[in-house]
Amino acid sequence: MLCRQSFSTVISLLPKSSICSVQNIPKHSPDIMRGSVCFYSTSEVKPKKAPQSSRYKLVVVGGGTGGCAVASKFASLGKECVVVEPSDLHYYQPLWTLVGAGLKGFRLSVQPMREVLPKTCDWIKEKAVTFNPKENYIVLESGAKIEYQYLVVAMGIQLDYDKVRGALDALENDPVVASIYHPKWVHKTFPALQEFKGGNAVFTFPNTPIKCAGAPQKIMYLSDEIFRMLDVRDKTSVIYNTALGVIFGVKKYADALLKVVDKRDIKVNYKHNLVEVNHKTRTATFENLDDNSKQVYFQYDFLHLTPPMSSPDVLKKSPLANEGGWVDLHKHTLQHVKFPNVFGLGDCTSLPTSKTAAAAASQCGILHKNLSAVMSGKPTVPLYDGYTSCPLVTSSKHCILAEFDYEGQPLETLPFNQAREMRLMYNMKAHLLPALYWNGMLRGRWNGPSFVRKLLHLGLGRKPNLPSS
Ligand SMILES: Cc1cc2nc3c(=O)[nH]c(=O)nc-3n(C[C@H](O)[C@H](O)[C@H](O)COP(=O)(O)OP(=O)(O)OC[C@H]3O[C@@H](n4cnc5c(N)ncnc54)[C@H](O)[C@@H]3O)c2cc1C
């Protein structure tokens, strides 16, 4: 009952005209649009060619999840705000796990950039290549210079497929090698799974920070289900080779996931880091991080690759970066540690929490408050507790919804134990969250579930662990 109420609270936030149904499409039909939510655009912005030199009050670099949401929050600045974003397309990447398993059509995960960016602001369709925060300007690929009063950096994370020898070659040439992390190679996943006839199905997790640390195993659980449906599971070894020493970073959910892998007879090898793929011999080479990087070889009949990731190269070499290359922010205010007129959010930041769209949603509301404060000469307030969430899909009907903070302590929205496989959570992941994303978050209307959590816990839940201002 309570859950129904919370969902209707959230749904009531969305414009009614923007929700429609597409139902009863057969399962595992990737070419057909599946899902329950369509997006009707109400705004459209045309990209502008950058003049050789220009000046804005606010420059937002990156028009992905975090950048688009922040720009929408500041849409009232009008032409004093610009988004610098090179891509024509905006992706809702969390859907790619379901796309990979044939449960959703790719088309539901993509919208033209011109339709999601706020129409009041300018959009310059280019890459930022240089940051000069001491003199408050950035330089674009064309050489154009944009001066700013305030800067928000939301450039996402870089996929380093090339750091694994042979990976790109295998993705290009071997039909049984796929990756849900890339808009090109997510398309290979479901056909490869459908063609699978048994043998070794190997899933990898790299030795770097990644976005959505749950996705490499979500696609594995969904693949395992497909193998069972195809009746090939008894001649299949499902193998999860992770560079980490645990299956998930938060113990409560790791314990629940260990029960799932046990029940599903999945072999987990810890501290196994993929270093090479030879698609001619269908061999994946891992280094064993616990054994002096000793090499271990796995024959594969299906290989799901999660690439190493890092901060975008242009950030790594900029004065905005910390030692690891990430935009160096105060973790509770999202303000840059050295440049007070610079803020950041999302995957490219130093914030020590799991990199997800859910985290970016919470960060967006806090960034808006603190940057608005700075714009009007007021101090920032420490508000961000590291909230992030990961819907750990374990089948085409079930999901464990992990939600936690900087301390790795659960911060669950619903007033019952979420470390269980639940249908409710799958429906939320597959149907509610995409609607909330396109119609709430990208329009600057969704700052994460903290108000729903307070409501459902009657204000008695765990208080965020934040320093006093
Ligand atoms: C397979 C998969 C599953 C996921 N599952 C979930 C999930 O279940 N739940 C969840 O919450 N999150 C999930 N995520 C993670 C989520 O998608 C990201 O954390 C989120 O999109 C991060 O937002 P961002 O704005 O930091 O980066 P992005 O949304 O990636 O946007 C970055 C933008 O910056 C632009 N850019 C890059 N370089 C430049 C440049 N030089 N100049 C200007 N612009 C530039 C890019 O073109 C891009 O548009 C998943 C991701 C993947 C890939």
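As the structure is a computational prediction, the values presented were derived from the model and not from experiment. (Residues numbered from 1 in each chain as written. Predicted model: local features only at pLDDT ≥ 70, side-chain atom pairs only at ≥ 80, totals over all residues.)

**Things to note about the environment of Leu140**
Part 1 of the reasoning: The topology assignment puts Leu140 in strand 7 (residues 137–140).
Part 2 of the reasoning: Among the residues examined, Leu140 registers 19 C-beta atoms within 10 Å and is labelled partly exposed.
Part 3 of the reasoning: A C-alpha to C-alpha distance of 41 Å links Leu140 and Tyr240, two positions 100 residues apart in sequence.
Part 4 of the reasoning: Those residues within four positions of Leu140 in sequence are excluded, and the remaining contacts are Ala50, Val84, Ile124, Glu126, Lys127, Ala128, Val129 and Ile146. (Helix = DSSP H or I, 4+ residues; strand = E, 2+ residues; numbered from the N terminus. Buried ≥ 20, exposed ≤ 12 C-beta atoms within 10 Å, placed from the backbone. Contact = placed C-beta atoms within 7 Å.)

**Description of the pairing of strand 2 (residues 81–84)**
Part 1 of the reasoning: Neither face of strand 2 is open: one carries Cys81 and Val83, the other Val82 and Val84, and all of them are buried.
Part 2 of the reasoning: One ladder, built from four bridges, connects strand 1 (residues 53–61) with strand 2; its direction is parallel. Paired with Leu58 across the bridge in strand 2 is Cys81.
Part 3 of the reasoning: Between the parallel pair strand 1 and strand 2, the chain is carried across by helix 2 (residues 65–73), and the sense of this crossover is right-handed.
Part 4 of the reasoning: In terms of strand pairing, strand 2 meets strand 5 (residues 122–124) through three bridges, oriented parallel. (Pairing = 2+ DSSP bridges. Right-handed = clockwise from strand over helix to strand, strands pointing away.)

**Considerations on the sheet that holds strand 14 (residues 272–278)**
Part 1 of the reasoning: Judged by pairing direction, the sheet is antiparallel, and its three strands sit side by side in the order 14-15-16 without closing on themselves. A single partner strand is all that each edge strand has here, and the edge strands are strand 14 and strand 16 (294–299). Strand after strand, the sheet turns through a mean of 30 degrees between neighbouring axes, direction not considered.
Part 2 of the reasoning: Strand direction decides the pairing type here: strand 14 and strand 15 (residues 283–288), joined by six bridges, are antiparallel. Residue pairing for strand 15: His272 is matched across the bridge by Asn288. (Axes fitted to C-alpha atoms, helices over the stretch in contact; angles between N-to-C directions.)

**Side note on the domain arrangement of the protein chain**
Part 1 of the reasoning: The domain boundaries assigned to the protein chain delineate domain 1 (2–157 + 313–456) and domain 2 (161–310).
Part 2 of the reasoning: When each unit is reduced to the centre of its C-alpha atoms, the spacing between domain 1 and domain 2 is 27 Å.
Part 3 of the reasoning: The interface is formed by 30 residues belonging to domain 1 together with 28 residues belonging to domain 2.
Part 4 of the reasoning: By residue class, the composition of the side of domain 1 that touches domain 2 is 16 nonpolar, ten polar and four charged. (Domains from an automatic or database assignment. Nonpolar A, V, L, I, M, F, W, Y, C, P; charged D, E, K, R; others polar.)

**Some remarks on the nonpolar core**
Part 1 of the reasoning: By size, the foremost hydrophobic cluster in this structure holds 137 residues, and its most contacted members are Val59, Val60, Val70 and Val153.
Part 2 of the reasoning: Each of two domains, domain 1 (2–157 + 313–456) and domain 2 (161–310), supplies a minimum of three residues to this core.
Part 3 of the reasoning: Residues contacting Val70, with those up to four places away along its chain left out, are Val60, Val152, Ala154, Leu345, Cys364, Leu367 and His368. (Core = buried A, V, L, I, M, F, W, Y, C linked by C-beta atoms within 7 Å.)

**Considering the site of the ligand**
Part 1 of the reasoning: Around the ligand, 36 residues are found, and the nearest of them are Gly62, Gly64, Gly66, Gly156 and Gly346.
Part 2 of the reasoning: Elements with a contribution of two residues or more to the shell around the ligand: helix 2, helix 3 (96–100) and helix 10 (357–375).
Part 3 of the reasoning: For the shell around the ligand, the class distribution of residues is 19 nonpolar, twelve polar and five charged.
Part 4 of the reasoning: Built from parts of two domains, the shell around the ligand gets at least three residues from each of domain 1 (2–157 + 313–456) and domain 2 (161–310). (Near = placed C-beta within 6 Å.)

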